[in-house]
Amino acid sequence: MVPFAGWEMPVQYEGVIPEHMAVRTRAGAFDVSHMGQLHVDGPAAQAFLQSVLSNDVDRVQDGGAQYTLLTTESGGIVDDLIVYRLSHGCFLLVVNAGNRQAAYEWLKEREPRGVEVRDASDEYGLVAVQGPASLGLIGLGEAPAFTHAVGEVAGVETMICRTGYTGETGVELMCPAEDVVPLWNAVLERGVVPCGLGARDTLRLEVCYPLHGNDITQETDAISAGLGWVCALDTEFTGRDALREVKENGPERRLVAFVMDEKAIPRQGMAIAGGGEVTSGTHSPMLDVGIGLGYVPAAQATVGTGLEIDVRGKDRHATVVKKPIYDKER
Amino acid sequence: MAASESYPDDLRYHPEHDWARVDGDEAVLGITWFAQDALGELVHFEAPEVGATLSKDASYAEVESVKAVSDVVSPLSGEVLEVNQKVVDEPETVNEDPYGEGWLVRIRIADPSEADALLDVEAYKAHAAEQ
């Protein structure tokens, strides 16, 4: 167990690699109840969210969800989050545990008349069930990604969200905090493998989902991070002008994915020759090589470019690859 | 398949969780069950070169799991005669058999008296239990 954003979290149950493989080949469950839930309600809630979030929230219907960014005036990232539209004027934002306070305060300070922002994190439990066999094991049918509905899983009434952080099909089950232990136990009883933070990190890194605090921060902008696709630059939101400028001029550096060409494992903070830096690195259980994400000058960001990474004093060769690093379809 | 906890009584142990199997003027070195269990499944062994000089208590290699990297400390001074290529190719061998197939290097011992300063199995077990 390790301390994480005020919670005691398991890094692993059986082991990072078997848990990772369970999610890629069958099904794994993550207790991510530490994540934050912010309710944003009121007649002006949608207009308010449109003005503070990078993506176009007007495109989200009741029962829909959207990946988006809470951005600063200079285009930095306060947090990346998923916004769920519950009904007209009722939104739920699921934010990173480490940014719960920052995101809440950011919104609260800007809350206009006709909007109420409320931190409801302690009222919710959250269990992610992910993997090709996940839906069948817990008795759910398929549904489009980024939708949600209220339903029952193993006798527990829960919000069933078609979202995740692994690159696999699956759901995130958001339920009242008092129901999360029975829900977790029921999911495991159906043969889903419990997974810890370690596998959560290797899974998200194989599919190049950024981790706030590592790959994206208030000092990095969305365009350089490759998140231009969640920035609706034709809408008005905080930081839009700064992001437009980065886009028009072309970013000076870019977040790239890379694979090691020799036996070495990149880690966060390692220098990349030419002025770059590794922001996330690990050993890929699926590919059995070192993989990572890092910022490099734009000239080094083209797929196929060779990189030299300083792995504890030794220059190790890597190659920039297309995202995602691991793709089921390839 | 990870091995179950064991500490053979024919080995000498270093408090940094390394072992030596002394045979005349040579020794085979590895990491203990405790060390591999703390790291989890190994995915990389950064081996020394054959011919490299090892100093007692200094790092001579690295072992790395998904979670963490750890220096491997030499229990004895000497010269590397052989590196276990099986562990270079399949680092998880250390988890499966830390005292057998999962040995790391074979060395020529520089100073046989150094082995006397290492822990015997009972002293090492007591040390590991305190960690």
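See the structure above.
Residues numbered from 1 in each chain as written. Chains lettered and ligands numbered in written order. Predicted model: local features only at pLDDT ≥ 70, side-chain atom pairs only at ≥ 80, totals over all residues.

Enquirer: Before we move on, could you go through the overall build of chain B and cite the residues and values that matter?
Expert: Helix and strand content of chain B: four helices and nine strands. Shown N-terminal to C-terminal, the secondary structure of chain B runs as helices and strands in the order β-β-β-α-β-β-β-β-β-α-α-β-α. Relative to its length of 131 residues, chain B is compact, with a C-alpha radius of gyration of 13 Å against a globular reference of 14 Å. Dimensions of chain B along its principal axes, counting C-alpha atoms only, are 35 × 35 × 20 Å. Considering chain B as a whole, with its 131 residues, one finds that 43% of them fall into the buried category. If you take every contact in chain B between residues at least 6 apart in sequence, the share linking residues at least 24 apart comes to 64%. (Helix = DSSP H or I, 4+ residues; strand = E, 2+ residues; numbered from the N terminus. Rg over C-alpha atoms; globule rule 2.2 N^0.38 Å. Buried ≥ 20, exposed ≤ 12 C-beta atoms within 10 Å, placed from the backbone. Contact = placed C-beta atoms within 7 Å.)

Enquirer: Outline the overall build of chain A, supporting the account with residue identities and numerical values.
Expert: When helices and strands are counted, chain A shows seven helices and 19 strands. Its C-alpha radius of gyration of 20 Å places chain A within 12% of the 20 Å reference for a compact globule of 330 residues. By principal-axis analysis of the C-alpha atoms, chain A measures approximately 55 × 50 × 35 Å. The buried share among the 330 residues of chain A stands at 46%. Nonlocal contacts in chain A, meaning residues at least 24 apart in sequence, comprise 67% of its contacts between residues at least 6 apart.

Enquirer: Provide a residue-level description of the sheet that holds strand E3 (residues 26-31) of chain B, including the pertinent values.
Expert: Residues and elements named next belong to chain B. The six strands lie next to each other as E1-E2-E3-E9-E8-E5, forming an open sheet whose pairing is antiparallel. Two strands bound the open sheet, and with one partner strand each, they are strand E1 (12-14) and strand E5 (53-54). Two strands pair when backbone bridges link them, and E3 and strand E9 (residues 105-109) are joined in this way by four bridges, in the antiparallel orientation. Considered in E9, the bridge of Ala 27 is made with Ile 107. (Pairing = 2+ DSSP bridges.)

Enquirer: Before we move on, can you summarise unusual backbone geometry with the specific residues and values?
Expert: Residue Pro324(A) is reached from Lys323(A) by a cis peptide bond, and omega for that bond is -5°. Examined against the element boundaries, Pro324(A) turns out to sit in the segment after strand E19 (314-321). Its identity as a non-glycine residue notwithstanding, Phe146(A) has a phi of 60°, on the positive side. Mapping Phe146(A) onto the fold places it in the loop between helix H4 (134-137) and strand E10 (148-153). For His17(B), which is not glycine, the phi dihedral falls at a positive 70°.

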